[in-house]
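Residue-level listing of the chains:
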Amino acid sequence: MNDYLSQNKAAWEEAFDRRINSFGEDHAMRLQTERQPFLAPEVWDALSPLPLQGAHIAQFCCNNGRELMSLVRHTGARAGVGFDLAGNILAQARRIAGETGIPCTFVEGDVCQAPDSYHGQFDLILITIGALCWMKDLAPFFAKVYACLKPGGRMLLHDAHPVTAMFAVPQEEAFDPENPARLVYDYFRSDPFVDTYGMVYLAGQAYDSKPFTSFSHTLGSVVTHAVQNGLTIERLTEFSKDISDDTAVLDGLGIPLSYLLLARRPRT
Ligand SMILES: C[S@@+](CC[C@H](N)C(=O)[O-])C[C@H]1O[C@@H](n2cnc3c(N)ncnc32)[C@H](O)[C@@H]1O
C-alpha cells in the first residue's frame, strides 16, 4: 500500500477510536425502525425510481455501512457489499449487519485494488460524500467502478462540489468567520492537503491527529475520468446545498456546494 494510503488508514482508524456519542451504536436500531432511508434526500430521490429490488449493490468508501444497509433494506435489494480502508469501522459495519440481518458484507482495503472477484457483480455502486477526496488519481477509481458494474449497471455519486475545496474549513487558521466564502485555495490545486486536525465529525472537536492526505478534483476531471473509463453520464445536477457541515454557513447562497452524478456502464 502507498505511504499515504497506510497513513490515511491509520488516521481513519484513530478517528474512529476517538468517536464520541457512541457513533454508530444506535445504527442497528435506527436501520430497523426508521421509515426514512439513511441517505441524503436527493440521493433517495434519484435511486427510488430505479429497479433495485433483488439487485446487488456496492458502496465504495462505505464507512460503517449505514447508508448501504439502509439502501438494501429500503429497496429490497438482494445483497450489498461495502468497501473501505478502515478495519475497525468495518468491524462495526459487520456487527450491525449481523444484528439487523441485512444481507451486507464488507471488504477491507484500498477500493481501487478491490479483488477481481467483484468484477461485473453490481447493479449499482453508491459513492457518497467524502470518497473521491481520498483518491490521488481518479483513473484507477473509475476503472474499478466500471469493472465492478454489470453491463447496464449504474453508479450514483453524491459529493461536496469541488468548489468547496477553495474555502478554508473552520478548523484552519485561514478560515475567516467574517467571510467564510473567501477563496483561499486554487480550484486547480494539484498538491495534496495534509491535515492533522482530526476528523471533527467523529471526535466532536479538533485534535492532533495522524495525517490525513486528501486531494481536490475539479468537476471536469471527475466527469472526464468517468467517461474515459467507459461510463455514460445520465445526469449531473449541482446543488447550492451544503452536505459537509464545513460549508454550512454558505448553504443556499447560490454557491455550488454539492452535486449528484448518475452514470451507467453501457449494456454492450
Ligand atoms: C467520510 S467517509 C465517507 C463515507 C460515507 N459518506 C459516510 O459518511 O459513511 C470516508 C471513508 O473513506 C474511507 N477511505 C478512504 N480512502 C479509501 C480508499 N482508498 N479505499 C477505500 N476506502 C477509503 C475511509 O476509511 C472512510 O471510512
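As the structure is a computational prediction, the values presented were derived from the model and not from experiment.

**A closer look at the sheet that holds strand β5 (residues 149-160)**
Taken in spatial order, the seven strands make up an open sheet running β3-β2-β1-β4-β5-β9-β8, and their pairing is mixed. Strands at the two margins of the open sheet, each flanked by one partner only, are β3 (104-108) and β8 (232-239). Going from strand to strand, the sheet's axes swing by 15° on average, the running direction of each strand aside. Bridge analysis of β5 against strand β9 (residues 258-264) gives seven bridges, and the strand direction is antiparallel. Its bridge partner being in β9, L156 is matched across the sheet by L262. This element, helix α4 (residues 66-75), spans β1 (56-60), β2 (79-84), β3 and β4 (122-127) of the sheet and lies at about 160° to β1.

**Considering the site of the ligand**
Near the ligand lie 20 residues; those nearest to it are R66, D84, D110, T128 and I129. In this structure, D110 approaches the ligand through a side-chain N or O atom, which is 2.9 Å from a nitrogen atom. Within the contact set of the ligand, a nitrogen atom lies 2.8 Å away from a backbone nitrogen or oxygen of I129. Bound to the protein, the ligand loses 95% of the 590 Å² it would expose on its own.

Parameters and conventions
Residues numbered from 1 in each chain as written. Predicted model: local features only at pLDDT ≥ 70, side-chain atom pairs only at ≥ 80, totals over all residues. Heavy atoms only, no water. Pairing = 2+ DSSP bridges. Helix = DSSP H or I, 4+ residues; strand = E, 2+ residues; numbered from the N terminus. Axes fitted to C-alpha atoms, helices over the stretch in contact; angles between N-to-C directions. Contact = heavy atoms within 4.5 Å. Near = heavy atom within 4 Å. Polar contact = N/O pair within 3.5 Å; in protein donor to acceptor, adjacent residues only side chain to side chain. Areas by Shrake-Rupley, 256 points an atom, 1.4 Å probe, with all protein chains shown as cover.

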